[in-house]
Amino acid sequence: MTAAIVADDVSRTYQLDGVSVPALRGVSLTVDPGDYVAIVGTSGSGKSTLMHLLGGLDRPTGGTLLIGGRDVSTLSPDEMAALRNTTIGFVFQSFHLLARTTAQDNVGLPLVYRGVGRRERRERAATMLERVGLAHRITHRPNQMSGGEQQRVAIARALVTGPSVLLADEPTGNLDSATGQSVLALLESLVDDGVAVVLVTHDRDVAARARRQIVMKDGLISETR
Ligand SMILES: Nc1ncnc2c1ncn2[C@@H]1O[C@H](COP(=O)(O)OP(=O)(O)O)[C@@H](O)[C@H]1O
Ligand SMILES: [Mg+2]
């Protein structure tokens, strides 16, 4: 079994106004197919930085990172984008949907970069919206939907390319607890289908449902539960 993601002693130092900010200081982590990992830790401990690296949105400044078996340090920006598009789905706390665009076209967007035609994009987006329980909302725009519905659209968009890993940075952070529970149940149904899910959360109950909890502190993993 090939690991979906392997981070070996990965670090990330930001340069800000000539000052080095060491956000990650040597993190090692393997994500297997069908894994279910919760990343917890105080604000500023490096959780989002780690997620961005695992998702190929950013590159490490030290260590080795393999995504889908490929060493990201050897890839051009275009190759990175292609690897992301085929391997990774990313869900953000604040949804990041296009405001003037219907749910269906938001979900179909990642397929544009794959050269999928409009008709097939719309079909696949509609199927995915059905999967997340939003068949009745496909022509709605984000401002015509509740927070939970918008987060489901964001999840459908992350899944439309058939990724092997879904990364979610505080996916329930902006939702009331009942809506958060249903979004979580949706993520867990993906795990059952063999998708690896890695999520960041501040909620102990949410974290406790994962198979593994990784506690971040000062840019390092301080504990694995
Ligand atoms: N783009 C950036 N430039 C400079 N420093 C950053 C940047 N992004 C994050 N940081 C710093 O890196 C550290 C970790 O941030 P982050 O990964 O966002 O933590 P968390 O998600 O756990 O709250 C913090 O000290 C933060 O201020
Ligand atoms: Mg964060």
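Bear in mind the structure is a predicted one, so any value in this text is a computation, not a measurement. (Residues numbered from 1 in each chain as written. Chains lettered and ligands numbered in written order. Predicted model: local features only at pLDDT ≥ 70, side-chain atom pairs only at ≥ 80, totals over all residues. Heavy atoms only, no water.)

Here we look at the pattern of salt bridges
Summed over the entire model, instances satisfying the criterion amount to 9 salt bridges. Residue Arg124 is joined to Glu120 by a salt bridge in which the shortest nitrogen-to-oxygen separation is 3.1 Å. Note that Arg124 and Glu120 are positioned in helix 4 (residues 118-131) at a spacing of 4 residues, about one turn of the helix. Among the residues examined, Glu120 registers a relative accessible area of 39% and is labelled partly exposed. The shortest N-O distance in the salt bridge between Arg209 and Glu188 comes to 2.8 Å. With a gap of 21 residues between them, Arg209 in the loop between helix 7 (204-208) and strand 9 (212-217) and Glu188 in helix 6 (residues 177-192) connect regions that are remote in the sequence. By relative accessible area, which is 19% here, Glu188 ends up buried. (Salt bridge = Lys/Arg side-chain N within 4 Å of Asp/Glu carboxyl O. Helix = DSSP H or I, 4+ residues; strand = E, 2+ residues; numbered from the N terminus. Buried < 20%, exposed > 50% of the residue type's maximum accessible area, 1.4 Å probe, protein only.)

Overview of the sheet that holds strand 9
Taking strand neighbours across the sheet as the criterion, the 6 strands line up as 6-7-8-3-9-10 in an open arrangement whose pairing is mixed. At either end of the open sheet lies a strand with only one pairing partner, and these are strand 6 (88-92) and strand 10 (220-224). Neighbour-to-neighbour, the strand axes of this sheet turn through a mean angle of 20°, independent of strand direction. Two strands pair when backbone bridges link them, and strand 6 and strand 7 (residues 165-169) are joined in this way by 5 bridges, in the parallel orientation. Opposite Phe92, over in strand 7, you have Asp169 as the bridge partner. On top of the sheet, helix 5 (residues 147-159) reaches strand 6 and strand 7; it is set at about 165° to strand 6, its chief contact. Of the strands in this sheet, strand 3 (36-41), strand 7 and strand 8 (196-200) touch helix 6, which is tilted by about 150° from strand 8. (Pairing = 2+ DSSP bridges. Axes fitted to C-alpha atoms, helices over the stretch in contact; angles between N-to-C directions. Contact = heavy atoms within 4.5 Å.)

What to know about the packing of helix 3 (residues 103-112) against helix 4
Pairs of packed helices are described in terms of their axes, by the angle between the two and the distance that separates them. Between helix 3 and helix 4, the least distance of the axes is 8 Å, while the angle of their chain directions is 120°. Relative to helix 4, the element helix 3 lies oblique. Between helix 3 and helix 4 lies a crossing whose hand is right-handed. Here Ala103, Gln104, Asp105, Val107, Gly108, Leu111 and Val112 of helix 3 lie close against helix 4, whose contacting residues are Arg121, Arg122, Arg124, Ala125, Ala126, Met128 and Leu129. Each residue belonging to the contact of helix 3 with helix 4 can be placed in one class, and the counts come to 8 nonpolar, 2 polar and 4 charged. (Parallel < 35°, antiparallel > 145°, perpendicular 65-115°, else oblique. Left-handed = near helix turned anticlockwise from the far one by under 90°. Nonpolar A, V, L, I, M, F, W, Y, C, P; charged D, E, K, R; others polar.)

Thoughts on the UniProt feature "domain: ABC transporter" (unreviewed entry) in the chain
Per the UniProt record, the feature "domain: ABC transporter" (unreviewed entry) sits at residues 5-224. Here residues 5-224 is 35% helix and 30% strand, with 17 Å between the C-alpha atoms at its ends. (UniProt positions renumbered as here; feature names shortened; annotations may be inferred.)

What to know about the packing of aromatic side chains
Here the structure, examined in full by the defined rule, presents 1 aromatic pair. Between Phe90 and Phe92, the aromatic rings sit 4.8 Å apart at their centres with planes inclined by 25°, giving stacked as the arrangement. (Phe/Tyr/Trp six-rings, centres within 6.5 Å; stacked < 30°, edge-to-face > 60°.)

Observations regarding the site of ligand 1
Within the structure, ligand 1 sits among Tyr14, Leu16, Val21, Ala23, Thr42, Ser43, Gly44, Ser45, Gly46, Lys47, Ser48 and Thr49. Contacts to ligand 1 include Ser45, whose backbone N or O atom sits 3.2 Å from an oxygen atom. If you list the elements that add at least two residues to the shell around ligand 1, you get strand 1 (5-16), strand 2 (19-31) and helix 1 (47-54). Within the shell around ligand 1, the residues separate by chemical class into 4 nonpolar, 7 polar and 1 charged. (Near = heavy atom within 4 Å. Polar contact = N/O pair within 3.5 Å; in protein donor to acceptor, adjacent residues only side chain to side chain.)

What about the packing of helix 3 against helix 5?
Here helix 3 crosses helix 5 at 30°, and the two axes come no closer than 7 Å. Between helix 3 and helix 5, the angle falls in the class roughly parallel. As for the relative orientation of helix 3 and helix 5, their crossing is right-handed in sense. Counted together, Ala103, Asn106, Val107 and Pro110 of helix 3 and Val153, Ala156 and Arg157 of helix 5 form the full contact between these two elements. Looking at side-chain class alone, the contact of helix 3 with helix 5 contains 5 nonpolar, 1 polar and 1 charged residues.

Here we look at the sheet that holds strand 4 (residues 62-67)
Taking strand neighbours across the sheet as the criterion, the 4 strands line up as 2-1-4-5 in an open arrangement whose pairing is antiparallel. Looking along the sheet, the strands with just one partner apiece sit at the ends: strand 2 and strand 5 (70-71). Two elements, strand 1 and strand 4, share 5 bridges in a ladder whose sense is antiparallel. Residue pairing in the sheet places Ile5 in a bridge with Ile67 of strand 4. Sheet strands in contact with helix 1 are strand 1, strand 2 and strand 4, and its direction is about 60° off that of strand 2.

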